[in-house]
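Chain and residue survey
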Amino acid sequence: MFLAPALLFGLLAIGLPLWLHRVARANPTQHQFASLMLLEASETQRTAKRTLRYWLLLITRILLLIALVLAFAGPLLTARMVPQPNANAQLHAILVDSSLSMQHRGRWQRALQEAESVIAALPSSDRVMLLTGSGRRIAVVSPSTPAGNAGAVRALLKDLKPGIERLDYGFAMSTANSWLGSPRPKVQLHLISDMQRSAAPLRFADLQLPAQTQLVMHDVSDGAAGNIYITAATVMPLDTHSLQATVGNSVTEPQQRDVILRVDDKEVSRKTVTLAAAAAQPEIVAGEGGTARGANLSMQPVAQPATFNSASFTKVTFSDLNLSPGAHRMEVVLEPGDELPQDDRFYSVIEQADPAALLISRDAESDDTAYFAAAIGALSAPRLTVEQRVANSMDSGGLSKYSLIVVSDPSSLSSAAARRIQSYVAAGGAVLATLSEAQEKDDPLLGDLHSGEVKNRTGKVGEVASTHPVLREAADWNQVRFFRHRDIQPTADDKVLIALDDGMPLLIERTLGAGRMLILTVPVDRRWSDMAIHPLFVHFIGAAASYLTQAEATTTSALVGSTVTTGLTAGGGGQIFDPRGRRVLALAQSTTDRLIPDQAGFYEIRGSEGARWLAVNVDARESDLATLPPDFVARWQALRAQEPTPAVASAPAAEAKPESLGPWLLWLAAILLLAETLLANRHLAIRREVPQ
């Protein structure tokens, strides 16, 4: 099909280069010769090399003429000329479960064999894509590929490896529209998994498949499999010198294991325990002595957690842990390991330190300093030792050792000191701050909290968030009189806990990274209010200190694949090292405040406030190897039958507009013209015979 088919008569011009190449001859120079009677007749022969060049130039000229004629004739490419895919072709999406439980026994090998079998049975007209699912991530290993090229997809199976994260079937199904792509034909989703019960979502509706998608389940589990694992290792609530580890057991027969406690990479205790069968639920409390081996253990029943309703749990207590002040890496290990060794270790970080509060003020002899020091020193729960420091004498010492920082005058801080306090809060610290009488509009610590003019107006508290832990005694705030206050405009993320009767905020809670701040918008000064001499003041300081210090000084534990706040702000920066000692962040990422750990063990986070440890463990739900019950699988399969079917067939797509190939042929003609010029200049220059 052409736009101007009459121009095809121009192809007759091909005869012109044929005629030129036929009549072209060399122009020899004639020389007089005496007699030819002694010469023998012979033929002039051309070499093969000259003949090849001659024909190459001729072909180039012919192709140039053909390209020019076709370009002006305007050939059109229509949809009918392009081969159409088979209307009955399907997309086979093979999703291989690569979560931690797939490493048990031969599950992973069976999963790869099952994937190969699915690929081998595909019709050549269908398409196939390969995916893996682990954690909150569905990775596309091979995009949609014709089944005829399935050999390349099959080769990728050899490079796949299982991970250590947890797969949520609900997340995989609810995000299927994004990783299947669109538009797409009908889909057969092959889920190759061990059908783990703990992978089921909280909401059954999350298992709904996209439209035109059929789920095919491939169960590679080995039936009822048992497992022994550690679910937790925490400090006893009433005894900070004791550590309690919880061991889960889903094996149907009693087992004996050594439970080992390591502190900072050194073994400090080893206890031999007998784990009852899955039906029993004992509690085991080890005998006294942190270094006892093979101690006699007493058995007590323990309530069974709802998450693991097919396992029994045993608690092992390590007593008399004499830990020095500071952070300690605690590792509990089961020996010998079983067929899923990744959950036979549990990591935790214990901060052993006497709680202390840092009081920062403009003047060490001011009244507000005395009020705060007396109120904090009078606390009994929590009991805090108070260290005072003047704002202009803030050195470069670390702040991470303090459980609470009280700033009576934020405007007196230098920019460097304010950034250090912000980094401390972002890493999980706690700050109680009060605005001063000479509060500046651009405060280095509270720069985004806009303060206005001071109003000399007597007022009282209007609204109190009485449900907040700091404000349980809301009635006492109504008895405090305020003589002056400042116009304050909090940010959208700030939470106003107390407001005056004219609506101005009095107490604000702010979250910064993993930590939080309480901001009192009036100074602790009797010219502003009588709060300092009111009995409420000591109670408020105690409630605020208790609330702020209840949060961990730093984020010390996380699960593989979860998002962790690092506390590395733009002002401080820092670096993170994984359990193998390798850098996690590039130099350009040294200020990131988010980390997604992909290994189990201890991560070291080095910031401007020093180094701290992060304990990362595998999700204990992956240790429950029980499979989905048959009725649950049947309900899941039935979700596909509830899919609404369109009542009216969709209209056929409009025929695509023909596309002209003229521009492409013009580009081809230009290339051929350049080639013809180079060949002609090089090989067809006039050559005259020179006498020898």
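For the structure given in this document, a descriptive report is provided here. As a convention, each chain's residues are numbered from 1 in the sequence order in which they are written. Reporting of local features is limited, given that this is a predicted model, to residues whose pLDDT is at least 70; pairs of side-chain atoms are given and counted only at 80 or more, and all residues count toward the totals for whole chains, interfaces and linings. Derived side-chain values reflect all non-hydrogen atoms in the structure, with water molecules and hydrogen atoms excluded from consideration.

Our focus in this paragraph is the overall build of the protein chain. Helices and strands together make up the secondary structure of the protein chain, namely 12 helices and 32 strands. The buried share of the protein chain, reckoned over its 692 residues, is 45%. Of the contacts made within the protein chain by residues no fewer than 6 positions apart, 73% connect residues no fewer than 24 positions apart. Secondary structure elements are taken from DSSP: a helix is a run of H or I of four residues or more, a strand is a run of E of two residues or more, and numbering for both begins at the N terminus. Exposure categories follow from relative accessible area, calculated using a 1.4 Å probe and restricted to protein chains: below 20% of the type maximum is buried, above 50% is exposed, and the middle band is partly exposed. Residue contacts are defined here by distance: any two heavy atoms, one from each residue, within 4.5 Å place the two residues in contact.

Looking now at a nonpolar patch on the surface. Patch membership requires more than 30% relative accessible area and the absence of a salt bridge. Residues of like charge join within 9 Å; the nonpolar side chains Val, Leu, Ile, Met, Phe, Trp and Tyr join within 5 Å. Calculation of accessible area relied on Shrake-Rupley with a 1.4 Å probe; when residues are assessed, cover is drawn exclusively from the protein chains displayed. Counted as salt bridges are all cases of a side-chain nitrogen of Lys or Arg within 4 Å of a carboxyl oxygen of Asp or Glu. Taken together, L7, L68, F72 and L666 make up a surface patch of nonpolar side chains, about 370 Å² in accessible area. With respect to the helices, strands and loops of the structure, L68 is situated in helix 2 (residues 48-73).

Here the nonpolar core consists of buried residues drawn from Ala, Val, Leu, Ile, Met, Phe, Trp, Tyr and Cys, with membership extended through side-chain atoms lying within 4.5 Å. By size, the foremost hydrophobic cluster in this structure holds 39 residues, and its most contacted members are W477, L506 and L518. Contributing elements (two or more residues each) for this core: strand 16 (356-361), helix 7 (367-377), strand 18 (404-407), strand 19 (430-434), strand 23 (495-500), strand 24 (505-512), strand 25 (515-520) and helix 10 (535-550). For this core, the element with the highest residue contribution is helix 10, accounting for nine residues. Grouped together as the second largest cluster of nonpolar side chains are 28 residues, A176, V187, L189 and F632 included.

A rise of 1.5 Å per residue sets the reference length of helix 8 (residues 415-426), with its 12 residues, at 16 Å; its end C-alpha atoms lie 16 Å apart and thus fit the reference within 8%. In this structure, the buried side of helix 8 is in contact with strand 16, strand 18, strand 19, strand 24, strand 25 and strand 27 (564-565). Positioned one or two residues after helix 8, G428 has a phi angle of 115°, which is positive. Expected span, for any helix, means 1.5 Å times one less than how many residues it has.

Moving on, we get to the pairing of strand 25. Most of strand 25 sits inside the fold, with five of its six residues counted as buried. For strand 19 and strand 25, the ladder comprises five bridges, and the chain directions are parallel. Its bridge partner being in strand 25, A433 is matched across the sheet by I519. The rule for pairing is simple: two strands pair if DSSP sees at least two bridges between them. Across six bridges, strand 24 lies against strand 25 in antiparallel orientation. Residue pairing for strand 25: L507 is matched across the bridge by L520. Two successive antiparallel strands, strand 24 and strand 25, enclose a turn made up of two residues, where G513 displays a positive phi of approximately 65°.

Before going further, it helps to examine the sheet that holds strand 4 (residues 137-146). The strands making up a sheet associate through hydrogen bonds between their backbones, and the pairing can be parallel or antiparallel. With mixed pairing, the five strands of this open sheet are ordered in space as 4-3-2-5-6. On the outer flanks of this sheet lie strand 4 and strand 6 (213-219), each paired with one strand and no other. Strand after strand, the sheet turns through a mean of 20° between neighbouring axes, direction not considered. Pairing of strand 5 (residues 186-193) with strand 6 involves seven bridges; the strand directions are parallel. The partner of S193 across the bridge, within strand 6, is D219. Interaxial angle, 0 to 180 degrees, is taken between N-to-C directions of lines fitted to C-alpha atoms, where a helix line uses only the stretch in contact.

Quick look at the environment of Q196 now. Of note, Q196 is situated in the loop between strand 5 and strand 6. With 426 residues separating them along the chain, Q196 and E622 place their C-alpha atoms 8.1 Å apart. Throughout this description, a polar contact denotes any pair of N or O atoms lying within 3.5 Å of each other; where both atoms belong to protein, one of them has to be capable of donating a hydrogen while the other can accept it, and for residues adjacent in sequence the pair is counted only when both atoms sit in side chains. In terms of polar contacts, Q196 uses its side chain to reach the backbone carbonyl oxygen of D624, at 2.7 Å.

In this section: the sheet that holds strand 21 (residues 461-464). If you trace the eight strands from one edge of the open sheet to the other, you get 17-16-18-19-25-24-23-21, paired in mixed fashion. Edge strands, defined here as strands with exactly one partner in the open sheet, are strand 17 (385-390) and strand 21. When strand polarity is set aside, the average angle formed by the axes of neighbouring strands in this sheet is 15°. Here four bridges tie strand 16 to strand 18, and the two strands are oriented parallel to one another. From the neighbouring strand, I360 faces strand 18, where its bridge partner is V407.

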